[in-house]
Amino acid sequence: MSKSKARVKDRISALPDEVLCKVLSCLDIRYAVRTTVLSPRWNNLWTSLPNLCFCNDYFIDDDAFMTFVDRVLFFRDSSDIKKLFLDFDEPKEEDFSRIESWICTAIRRNVVELDLSVNLYPDYKTFELPRSLFTCKTLEVLSLKSNFIANPPKSGCFPSLKVLDVLVRYPDHDNSSLGQIFANCPVLEDLRIEGPLGEGHDVLNFKISAPELKRLTVGLDIDSFDDEKYNFYINAAKLEVFNLSAGDSSVFSFEINAKSLFKANINLSSCCVHFDSTNGLLEAISDVKQLSLSTRNLEGGVPAFDNLNHLELTLGGSTCWRYLIEFLKRSQNLEYLVIKHDCGFKHEDFTPPEFVPVCMLSHLKTITIASFKGSQDNMRVAQYLLKYSEVLNKMIFTISEGLPSAEEKALYKEFLMFERGSKTCQVEIYN
């Protein structure tokens, strides 16, 4: 062996185990195990890897996959497991006990992050989570992407869990498993609920109670039927950010106790949403300072948003301009407004209100009209806002893609001719 090769070998061998384990952690676990053939120095390094990722897609059959997982966990040294990711597609029911044993092994090794994706077929099958999972003192991040059953203890549940990500498929009728999890997280800060919900439930109740929860994200793809209703009861005094995304014509009901709610992102772009007394969503979030709302159509009333400072509206449908005015009227302290109009839907003509909204006279400083296409209604809205916003500092137009440069220049000239309620207002156009 040449001296240069020897020096290279010596330098690698001199690296501490911690560094070499980080190198191995970048590899697929199958290849990390195979490094034992390199030299005696590498023989046992893979047995102390902090992060373990197992996916049955990479194996010729499930038996080979399960044997490999058993081997890795059996020959592991006494070091802790920081993260375990398990992706097992369509396991047999007789294999559930082995999956449970893997989870329990990670728990005994003080796992911090656990990501379980156990895809069952048919979808109505369920996998019961081991009870030791709920009392694990080291677990801080948990992702459950499986149709599971949970039977947590009445006390001492999830003592350290801060992040919970749940994929909901075919939940039981009364959501008892979900309810027991969502109501037993004393230090949870970030909760994410996603998944497709189909027919088969007259009523689904999502009851969330978490005293330390700061961020809640709900993303449900719902096929709603006439007699179905989806009720959300959220008790989270420290909740700061609420994100909601749902498809189809869902029937919602909301009760939210969140005194610290600061920001809400509501994306119901494919829904015709009824914001009225039977729904309660806008009322529940009416104290926010920042609101992003995207929806195809709006029906019903708009509550007062006395604290709203920043509003982003993506509107379509026949009532879009009416609701733009309603939000301006009901948001007296609004300073920043972003408007995006979906011209793909039939809509009513823009009609200015009889009285100028208070926010336009005293607070509104910046207006952005996104994806501006230069339609007649777009121009009327821009002209109205520019004329009657008396403290406006800046109006920004982002031009829709595909608009010829000649038309863009013509629009800019037309904007410069508009009457301005604020002498200090600047008009800016961007592609």
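Conventions adopted
- Residues numbered from 1 in each chain as written.
- Predicted model: local features only at pLDDT ≥ 70, side-chain atom pairs only at ≥ 80, totals over all residues.
- Heavy atoms only, no water.
- Buried < 20%, exposed > 50% of the residue type's maximum accessible area, 1.4 Å probe, protein only.
- Helix = DSSP H or I, 4+ residues; strand = E, 2+ residues; numbered from the N terminus.
- Pairing = 2+ DSSP bridges.
- pLDDT = per-residue confidence, 0-100.
- Salt bridge = Lys/Arg side-chain N within 4 Å of Asp/Glu carboxyl O.

Our next topic: the pairing of strand β7 (residues 163-167). Looking down a regular strand, the side chains alternate between one sheet face and the other. Of all five residues in β7, four are buried; the element is thus mostly enclosed. Across five bridges, the pairing between strand β5 (residues 141-145) and β7 is parallel. Residue pairing across strands places Leu142 opposite Leu164, the latter belonging to β7.

Take the confidence of the model for the protein next. Confidence in the prediction of the protein, expressed as mean pLDDT, is 81, and 77% of residues score 70 or more. Within the protein, no element has a lower average pLDDT than helix α1 (residues 3-14), which sits at 56, and none a higher one than helix α9 (residues 358-362), at 95.

We now examine helix α8 (residues 320-329). One turn of the α-helix equals 3.6 residues, which is why residues spaced by three or four share an orientation. Where burial is concerned, most of α8 is hidden: seven out of the ten residues are buried. Among the residues of α8, Cys320, Trp321, Tyr323, Leu324, Ile325, Phe327 and Leu328 are the ones counted as buried.

One non-glycine residue, Glu90, adopts positive backbone phi at about 55°. On the basis of relative accessibility, which here comes to 43%, the residue Glu90 falls in the partly exposed class.

Further remarks concern the pattern of salt bridges. Taken as a whole and assessed by the stated rule, the structure comprises seven salt bridges. The partner of Glu113 in a salt bridge is Lys83, and the shortest N-O contact between them spans 3.7 Å. On the criterion of sequence distance, the pair formed by Glu113 in strand β3 (residues 113-119) and Lys83 in strand β2 (residues 83-89) is long-range, its members being 30 residues apart. By relative accessible area, Glu113 is classed as partly exposed at 28%. With relative accessibility at 28%, the residue Lys83 sits in the partly exposed group.

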